[in-house]
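Working through the structure, step by step
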Amino acid sequence: MIRYLATAALAAAPLLVSPAPTLSPDTVHRGVTGCFAWSWKDGGTLTTTVYYRNRCGTAHTLRVRWSSAASGNEDIRVKAGAKGSTWSFISLKPLGFADLGRA
């Protein structure tokens, strides 16, 4: 009888294990460049939105370099402490960010 219970417990053990979590294609990328904190998420089909915030006490210009040559570089003047977003229809991801200094 004990042998039967042990066998049944071992047979049921795989049912108790939860499946491994699947990785989401919606990975969020975050970073800081100069005065700016920025983020964007993978998974866009035609567009990608970048969110940013100027953490300094003066206005600065943020440069976003997009992956598509058609989108190129985008320079955004951001007031002190302000936040905002920008997006590109053609580019699926930004390639880089730069703080161009005081605006």
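See the structure printed just above.
In this report, the structure presented in the accompanying data block is examined. (Residues numbered from 1 in each chain as written. Predicted model: local features only at pLDDT ≥ 70, side-chain atom pairs only at ≥ 80, totals over all residues. Heavy atoms only, no water.)

1. Side note on the pairing of strand β4 (residues 60-66)
For β4, the tally of buried residues reaches 5 of 7 residues, placing the bulk of the element in the interior. Here β4 runs beside strand β5 (residues 73-78); their pairing, made up of 6 bridges, is antiparallel. Directly across from Thr-61, in β5, lies its bridge partner Arg-77. In sequence, β4 turns back onto β5 through a hairpin of 6 residues, with Gly-72 there showing a positive phi of about 60 degrees. Pairing geometry for β4 and strand β7 (residues 94-102), over 6 bridges, is antiparallel. Bridge pairing in β7 links Leu-62 to Asp-99. (Buried < 20%, exposed > 50% of the residue type's maximum accessible area, 1.4 Å probe, protein only. Helix = DSSP H or I, 4+ residues; strand = E, 2+ residues; numbered from the N terminus. Pairing = 2+ DSSP bridges.)

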